2 protein chains.
Amino acid sequence: MELKRTAKATETRMPHVLVLGAGFGGLSVVQGLRKASVRITVVDQRNHHLFQPLLYQVATAGLSPAEIAAPIRSIVGRMPRVTVMLGEVSGIDTARRLVQFRDTGIRQLPYDLLVVATGACHSYFGHDEWVVLAPGLKTVEDATFIRRRILLAFERAETETDPAEQARLLTFVIVGGGPTGVEMAGAISELARRILARDFRRIHPSLARIVLVEAGRRLLPAFAEDLSAYALRALKRLSVEIRLGAPVTSIEPDCVRLGEERLETRTAIWAAGVQASDAARWLGAEADRAGRVKVTDHLTLPAHPEIFVIGDTALVRDAAGRPVPGLAPAAKEQGRYVAHAIRSRLSGRQTQVFRYHHLGNLATIGRRSAVIELGQLRLTGLLAWLLWGAAHIFFLIGFRNRVVVIIDWLWSYLKFGGGARLITGIKHQQQ
Amino acid sequence: MELKRTAKATETRMPHVLVLGAGFGGLSVVQGLRKASVRITVVDQRNHHLFQPLLYQVATAGLSPAEIAAPIRSIVGRMPRVTVMLGEVSGIDTARRLVQFRDTGIRQLPYDLLVVATGACHSYFGHDEWVVLAPGLKTVEDATFIRRRILLAFERAETETDPAEQARLLTFVIVGGGPTGVEMAGAISELARRILARDFRRIHPSLARIVLVEAGRRLLPAFAEDLSAYALRALKRLSVEIRLGAPVTSIEPDCVRLGEERLETRTAIWAAGVQASDAARWLGAEADRAGRVKVTDHLTLPAHPEIFVIGDTALVRDAAGRPVPGLAPAAKEQGRYVAHAIRSRLSGRQTQVFRYHHLGNLATIGRRSAVIELGQLRLTGLLAWLLWGAAHIFFLIGFRNRVVVIIDWLWSYLKFGGGARLITGIKHQQQ
């Protein structure tokens, strides 16, 4: 008893590390500090960590939300000095070292060291009216919302008698030719052509029109040119129409306009711009146009060595001066660096500056093809797809999720099942 | 080509069976008619069939929605003469044999034979203001809504500083001592005491107070007396408080009143009354107080032998004159009878009257105990629980669901994982 009290007292004298955001960056910090002599509090607006790289599979009815999300409490459950809280940041008082929260039991929390890892949301480039017309894909709700829209479009087409409206319902426009756009286009095409094809009596889902729109001159601009070309060919094989150099000029309830061209559609999906969370405003810090906070090469605020900003919220540059991309491995790398830096400081050691090591790029195109770039190595096709699958399953947090995802994938691969094609989220009264 | 056209022409001359509702009753009709010379249309407001007996496990974070729901289209996908449509019934013109729908591409559908199997919803006995305060459990959205409320109550308790409010947040009141209420109370208790116990730092979820309230004098009134007594003892072992003979007099945002007694709580759950769907109104038919349509012993409307009403929507009596209970096996039995009756009519044979064979009652209490009544056989405890699990997995529609549910159950049984404890459904802006 006496011993326990002493341990408790020691603990309260430990520095308090406050981590905002339980994404890949935030959780890597916690993981890296699990044996350090610090108290840690993790605050997120959600109770779960989300494996965002597979979110498009929830949106296209391949996986269930619980298969790619795990409660934060269960991830950090065995670390005795970690506290998890639900909360939404409203401001940060850097002078008094306090973070303020909105509408929750905790009004504010003090910190000795602060890690801001609050991620990013969609950017509609000033067209906020597009938010409802072309939903983006960042949260579980976004994914089930898009899933509902896609499945309802087929349902409505089945009972629609006007051929023009039916065509509109069977047209899907994805805006943005990065990995998310490419993966969504491939997955919707397979959903329509393989899974839904035998479900309907009046319409032919396999005649659905899927259009991928990219403002730049090639798909997957972060990848090597030949991989972009491969992705283009692979998507065309899946009957996806592709418009390059075609910036969207307007999104309306019944169409997407690309300058003169008018794509008649009832379902537009946004996979284009990203905007960092409000961290720059909370911190009164300098940011770039996408809202990313400018940090030192120690990933701290210039005037505040006790405040780290990482992941999609930070503007970090690699050795060549290019911004580090908003990818899960990059956020994890930064999280590990911050944990290391904090441990070094506590033991009075110098820390090196952060150096980004780009692991690679990967994107999948439908169910048998992917493109992978790992340094000089470039892979395409089935081998790349298998490697992609293995990498994603390996990194899925929580053993249970891994087993279930493998079964789901195998099952839907063998049977083209599309097991999770539920339309949920509308509160119906019972008939 | 010529052959196909002839086949098509023959098909359009076949009688058209319109089935409203794709629950256990409706789908049994379709299943029983799969080889009959009829065209079938199934209309439901949802795109999925729901395995309602396991819905409480979604509400208590044990299973995911997709594990207990399957798209109607994929269940009937291989039956060539079956058409599936999404639609919400607004009225039935029995004279012209037309069903009207709200807000969809199909405005109305004609029928030769009509099967009304539209189920039931909650009844708050005239207290409609309780709907939002004490949600019931009928749909996937109901279940994820209750799951969110339960999990958020623990989250809020963790950050709450007022001890009275903390106690209120950690109190859960379940109204109704039938199978759903008993199963919910047991599952919430285990969620609190086994799964969440190690997740929190400031509160002790195992101190959560779970109160099961029943207006009658015993739990599980449809079961034998000794099984009611067993359920009571088993729930008490799980630290569930039980109030018998205690009708709810009022539900408020911060309490449930039982006459003089005031149970302070932020989470009330409704498992008490059930009200049949609006079928009696659509049909202009006679109904009992719970809205169940009075049918002949051929399960048809007295003046309309072409209209069948089955399942929770119908008032059917057994040989002893007691109403047939609103259970899945009863609805399936009625569905099979209707399919048989239709086939007999088509071939000019007489049909027997419907005779209900009560299979039995079962309810589970936590993770190692259940009560089962099969004719004279009565089982309790672990053996009953294993039988319950086997029966439910066996009847789960869709092989994939079965495998995944087994894994989920095994996993959470071995590890007390509670894999699906996600709080979803609130549209957040990104931090």
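Residues numbered from 1 in each chain as written. Chains lettered and ligands numbered in written order. Predicted model: local features only at pLDDT ≥ 70, side-chain atom pairs only at ≥ 80, totals over all residues.

Student: Help me understand the pairing of strand 7 (residues 98-102) of chain B in this model?
Tutor: Residues in a regular strand project their side chains so that they alternate between the two faces of the sheet. All names here are of chain B. A one-sided burial pattern is seen for strand 7, the buried positions being Val 99 and Phe 101 and the unburied ones Leu 98, Gln 100 and Arg 102. As paired elements, strand 6 (residues 88-93) and strand 7 share five bridges and run antiparallel to each other. By the bridge assignment for strand 7, Val 89 is matched with Phe 101. Connecting strand 6 to the antiparallel partner strand 7 that follows it, the hairpin turn spans four residues, and Arg 97 within it adopts a positive phi of roughly 55°. Both strand 7 and strand 8 (residues 108-110) contribute to a ladder of three bridges, which runs antiparallel. Each residue of the ladder has a partner; that of Val 99, found in strand 8, is Leu 109. (Buried ≥ 20, exposed ≤ 12 C-beta atoms within 10 Å, placed from the backbone. Helix = DSSP H or I, 4+ residues; strand = E, 2+ residues; numbered from the N terminus. Pairing = 2+ DSSP bridges.)

Student: Whenever I open this one, the sheet that holds strand 2 (residues 39-44) of chain B confuses me. Can you help?
Tutor: Note: strands within a sheet are paired through backbone hydrogen bonds, in either parallel or antiparallel orientation. Residues and elements named next belong to chain B. Taken in spatial order, the six strands make up an open sheet running 5-2-1-9-21-20, and their pairing is mixed. Sheet topology places strand 5 (82-86) and strand 20 (300-301) at the edges, where each strand pairs with a single neighbour. Examined bridge by bridge, strand 20 and strand 21 (residues 304-309) share two bridges and lie antiparallel to one another. Of the residues in strand 21, the one forming a bridge with Thr 300 is Phe 308.

Student: Help me understand the environment of Ala 279 of chain A, please; the structure alone is not making it clear to me.
Tutor: All names here are of chain A. With respect to the element layout, Ala 279 can be found in helix 10 (residues 279-283). Linking Ala 279 and Ala 36, residues 243 residues apart in sequence, is a C-alpha distance of 26 Å. In contact with Ala 279, other than residues within four places in its own chain, are Val 116, Thr 118, Val 293, Val 309 and Thr 313. (Contact = placed C-beta atoms within 7 Å.)

Student: Teacher, can you tell me more about the pairing of strand 11 (residues 171-175) of chain B here?
Tutor: All names here are of chain B. In terms of burial, strand 11 is largely enclosed, as five of its five residues are buried. Of the two faces of strand 11, the one holding Thr 171, Val 173 and Val 175 and the one holding Phe 172 and Ile 174 are both buried throughout. Relative to strand 12 (residues 209-213), strand 11 runs parallel, the two sharing five bridges. Within strand 12, the position partnered with Phe 172 by the bridge is Ile 210.

Student: Any chance you could explain the sheet that holds strand 7 (residues 98-102) of chain A here in plain terms?
Tutor: Residues and elements named next belong to chain A. Taking strand neighbours across the sheet as the criterion, the three strands line up as 6-7-8 in an open arrangement whose pairing is antiparallel. A strand with exactly one partner marks an edge of an open sheet, and here the two such strands are strand 6 (88-93) and strand 8 (108-110). Within the sheet, the average angular offset between the axes of one strand and its neighbour, ignoring direction, is 25°. (Axes fitted to C-alpha atoms, helices over the stretch in contact; angles between N-to-C directions.)

Student: Can you walk me through the packing of helix 2 (residues 24-32) of chain B against helix 11 (residues 328-346) of chain B in this structure?
Tutor: Each pair of packed helices can be described by the angle between their axes along with the distance between the axes. Residues and elements named next belong to chain B. The geometry of helix 2 relative to helix 11 is characterised by a closest axis approach of 7 Å and an angle of 35° between their N-to-C directions. Here the hand of the crossing between helix 2 and helix 11 comes out right-handed. Packed against helix 2, whose contacting residues are Phe 24, Gly 25, Gly 26, Ser 28, Val 29 and Gly 32, the element helix 11 presents Ala 328, Ala 331, Lys 332, Gln 334, Gly 335, Arg 336, Val 338, Ala 339 and His 340 at the interface. Split into classes, the residues belonging to the contact of helix 2 with helix 11 amount to six nonpolar, seven polar and two charged. (Left-handed = near helix turned anticlockwise from the far one by under 90°. Nonpolar A, V, L, I, M, F, W, Y, C, P; charged D, E, K, R; others polar.)

Student: Which parts of the structure should I look at to understand helix 6 (residues 140-159) of chain A?
Tutor: Count 3.6 residues to each turn of an α-helix, and residues three or four apart come out pointing the same way. With 20 residues, helix 6 of chain A extends 29 Å from end C-alpha to end C-alpha; this agrees with the ideal 28 Å at 1.5 Å per step. The buried fraction of helix 6 of chain A is high, at 14 of 20 residues. (Expected span 1.5 Å × (residues − 1).)

Student: What should I look at first to understand the environment of Val 42 of chain B in this one?
Tutor: Residues and elements named next belong to chain B. When you line up the elements, Val 42 lands in strand 2. Linking Val 42 and Leu 18, residues 24 residues apart in sequence, is a C-alpha distance of 6.2 Å. If we ignore the near neighbours within four places in the chain, the residues touching Val 42 are Val 19, Ala 22, Gly 26, Val 30, Ile 72, Val 76, Val 82 and Val 84.

Student: Help me understand the domain arrangement of chain A in this model?
Tutor: Interface extent is often summarised as the accessible area lost during association of the parts. Annotation of chain A at the domain level lists domain 1 (2-45 + 87-119 + 277-346) and domain 2 (124-272). Taking only C-alpha atoms, the centre of domain 1 of chain A and the centre of domain 2 of chain A are 36 Å apart. (Domains from an automatic or database assignment.)

Student: Could you clarify how one ought to interpret the environment of Thr 159 of chain A in this entry?
Tutor: Residues and elements named next belong to chain A. Within the element layout of this structure, Thr 159 appears in helix 6. The class for Thr 159 is buried, based on 21 C-beta atoms found within 10 Å. Along the primary structure Thr 159 and Arg 322 are separated by 163 residues, whereas in three dimensions their C-alpha atoms are 51 Å apart.

Student: When you look at the nonpolar core in this model, what are you seeing that I'm missing?
Tutor: Within soluble globular proteins, side chains that are nonpolar tend to cluster in buried spots. Ala 231 of chain A together with Ala 231 of chain B are the most contacted members of the largest nonpolar core, which has 280 residues in total. Setting aside its immediate chain neighbours within four residues, Ala 231 of chain B contacts Val 182, Leu 219, Leu 220, Ala 363, Ile 365 and Val 371 of chain B. (Core = buried A, V, L, I, M, F, W, Y, C linked by C-beta atoms within 7 Å.)

Student: Just checking my understanding: could you explain helix 12 (residues 381-395) of chain B for this structure?
Tutor: All names here are of chain B. The end-to-end C-alpha separation of helix 12 is 21 Å, in line with the 21 Å expected for 15 residues at 1.5 Å each. Those residues of helix 12 lying buried are Ala 384, Trp 385 and Trp 388. The buried residues of helix 12 all sit within an arc of 100° when viewed along its axis, so they share a single face. Along helix 12, the residues that are exposed and aim more than 90 degrees away from the buried face are Leu 382, Leu 383, Ala 390 and Phe 394. (Arc of directions from axis to C-beta.)

Student: Help me out: how do you make sense of the confidence of the model for chain A in this one?
Tutor: Keep in mind that low pLDDT regions are not for reading the predicted coordinates in detail. Residue and element names in this part refer to chain A. Mean pLDDT over chain A works out to 88, with 90% of the residues at or above the 70 mark. Under a pLDDT of 50 for its full length, residues 1-6 has, in the predicted model, zero contacts with residues more than four places off or in other chains. Low confidence marks residues 427-431, where pLDDT is under 50. Its contacts with residues over four positions away, or in another chain, come to 15 contacts. Of the two predicted TM-score estimates for the complex, the pTM is 0.85 and the ipTM is 0.78. (pLDDT = per-residue confidence, 0-100.)

Student: Sorry if this is basic, but what is going on with unusual backbone geometry here?
Tutor: Most peptide bonds are trans, and most residues other than glycine sit at a negative phi. Residues and elements named next belong to chain A. Located in the positive-phi region is Phe 125, a residue other than glycine, with phi close to 50°. Relative to the helices and strands, Phe 125 resides in the loop between strand 10 (120-123) and helix 5 (130-133). For Phe 125, a count of 13 C-beta atoms within 10 Å gives the class partly exposed. A positive phi angle, close to 65°, is found at Ser 239, a residue other than glycine.

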